[in-house]
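# Geometric and topological summary
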Amino acid sequence: SDSILGTKTSQKSFIDMVKSSDIFCLQETKGSIKIPGYKCYNSERQDSRSGGICLGVRHEISPFISYIKTNNASRDIQAAVISRKLTNLSKDILLVNLYDSPENSSYKLRQIANGSYEETLETLNNILIAKGHDRLLMLCGDFNARTGCKNSTPGTDEQVLDELINGSFTILSHPSSPGIRASKDTQLNQRGKKLIDLAATHNLKILNGSTIGDASGEFTCVTYNGLSVVDYIITSYSLATNIKSLTVNEFNDISDHRPISCTLQADTSPSLPSLERVMNFKDKPLGYKWSKSSIRGSKEKFVAFQN
């Protein structure tokens, strides 16, 4: 996300980044985003210059994506259903794009003052209860939550905890440690605790620091007052087995948040027999990336892009 992302959306670097994805999720857009070749869903805050989120879908796969209107619940949360007819998975995927402002932000303080405040994570929980039944879940966005090295199931491995303290832990050395993930940000704040509770409630796994490609739990936010991990991709545990990698990409001049990419392996050949390309999702990284490699009848990939 970026305080002036709206002025950067015409830059070639931004267009190239977005167009490397089949599906992208953006936060703090501060305006409507339109990308040629994509169906873009924008959600903007009323009477506010802050916030704004956008979920974009490449036209070729848009028939398999159903957008769910959540404006009545929150303009900071978007949801879409990715049909199992596209992925050939056992269930549809409920994809959620979210931006949760810092607790001390002027937007949150105005909500408290006028009596309209509702915790974004509480609203998200209600959406997952209402729309997530019998679906695989994938959440991505800027949660402004610091979760330290915790995941949704508490870990008790003393050796793992010692390695976390001295900085030698990597998920590659302990790939199955319950409740533990690597993170360069060891801080756990109140919202982070609530996010862990929400993940446990819905049987979700935080992929940051627990997935090949992000073995050390890289920082996702780089600002003048410090480094932190506040941007996440979180999935159902059953969907996490299809996630082949997650990458926190290099810092760029578009945002003070680093793009995150995750790769979801799925067999799309039955639904897209005429397309001779690989489909990827990249997210802050949330997005899908296409190549011209011939893969008809083979396994294809998704990647999610978030910014």
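Scroll up to find the structure this text is about.
Residues numbered from 1 in each chain as written. Predicted model: local features only at pLDDT ≥ 70, side-chain atom pairs only at ≥ 80, totals over all residues. Heavy atoms only, no water.

### Considerations on the pairing of strand β11 (residues 231-236)
Of all six residues in β11, six are buried, a share of seventy percent or more. With five bridges joining them, strand β7 (residues 136-142) and β11 adopt antiparallel strand pairing. Within the sheet, the bridge partner assigned to leucine 139 lies in β11 and is isoleucine 234. Relative to β11, strand β8 (residues 204-206) is paired through three bridges, and the arrangement is antiparallel. Bridge assignment links isoleucine 206 to a residue of β11, and that residue is isoleucine 234. (Buried < 20%, exposed > 50% of the residue type's maximum accessible area, 1.4 Å probe, protein only. Helix = DSSP H or I, 4+ residues; strand = E, 2+ residues; numbered from the N terminus. Pairing = 2+ DSSP bridges.)

### Observations regarding the nonpolar core
Counting 27 residues, the largest nonpolar core has Ile93, Leu95, Met138 and Ile233 as the members making the most contacts within it. Elements with a minimum of two residues in this core: β1 (23-27), β3 (53-58), β5 (77-82), β6 (93-99), β7, α7 (237-240), β12 (243-248) and β13 (260-266). Ile77, Val81, Leu121 and Leu198 belong to the second largest nonpolar core, which has 25 residues in total. (Core = buried A, V, L, I, M, F, W, Y, C linked by side-chain atoms within 4.5 Å.)

### Points about the packing of aromatic side chains
Counted by the stated rule, this structure contains three aromatic pairs. Pairing phenylalanine 143 with tyrosine 232 gives two aromatic rings, centres 6.0 Å apart and planes at 65°, and the pair type is edge-to-face. Here phenylalanine 143 is found in the loop between β7 and α5 (158-166), whereas its partner tyrosine 232 is found in strand β11, with 89 residues between them in sequence. Sitting above the plane of the tyrosine 107 ring, arginine 45 keeps its charged end 3.5 Å from the centroid. (Phe/Tyr/Trp six-rings, centres within 6.5 Å; stacked < 30°, edge-to-face > 60°. Lys NZ or Arg CZ within 6 Å of the ring centre and 35° of its normal.)

### Topic: the sheet that holds β11
Reading across from one edge, β4-β5-β6-β7-β11-β8 is the order of the six strands in this open sheet, with mixed pairing throughout. Looking at strand neighbours, the two that pair on one side only are β4 (65-68) and β8, the edges of this open sheet. Adjacent strand axes in the sheet meet at a mean angle of 20°, parallel and antiparallel pairs treated alike. Bridge analysis of β4 against β5 gives four bridges, and the strand direction is antiparallel. (Axes fitted to C-alpha atoms, helices over the stretch in contact; angles between N-to-C directions.)

### Comments concerning the packing of helix α4 (residues 120-131) against helix α6 (residues 190-201)
The interhelical angle for the contact between α4 and α6, taken along N-to-C directions, is 10°, at an axis separation of 11 Å. By the criterion of interaxial angle, the relationship of α4 to α6 is roughly parallel. Every residue of α6 that contacts α4 at Leu121, Leu124, Asn125 and Leu128 is listed here: Arg191, Lys194, Leu195, Leu198 and Thr201. Looking at the contact of α4 with α6 residue by residue, the class counts come to five nonpolar, two polar and two charged. (Parallel < 35°, antiparallel > 145°, perpendicular 65-115°, else oblique. Contact = heavy atoms within 4.5 Å. Nonpolar A, V, L, I, M, F, W, Y, C, P; charged D, E, K, R; others polar.)

### Details of the pattern of salt bridges
Applying the stated criterion across every chain yields a total of 13 salt bridges. Linking arginine 58 and aspartate 22 is a salt bridge whose minimum nitrogen-to-oxygen distance equals 2.7 Å. In this pair, arginine 58 is assigned in strand β3 and aspartate 22 in the loop between α1 (12-19) and β1, connecting sequence segments 36 residues apart. A salt bridge links glutamate 28 to lysine 30, with the shortest nitrogen-to-oxygen separation between them at 3.3 Å. Salt bridges sharing partners connect three or more residues here, namely Asp100, Glu103, Lys108 and Arg191. (Salt bridge = Lys/Arg side-chain N within 4 Å of Asp/Glu carboxyl O.)

### Section: unusual backbone geometry
Located in the positive-phi region is aspartate 134, a residue other than glycine, with phi close to 60°. Turning to its location among the elements, aspartate 134 is positioned in the loop between α4 and β7. A positive phi angle, near 55°, is found at asparagine 203, a position not held by glycine. By the element assignment, asparagine 203 lies in the loop between α6 and β8. You can call asparagine 203 partly exposed: its relative accessible area is 48%.

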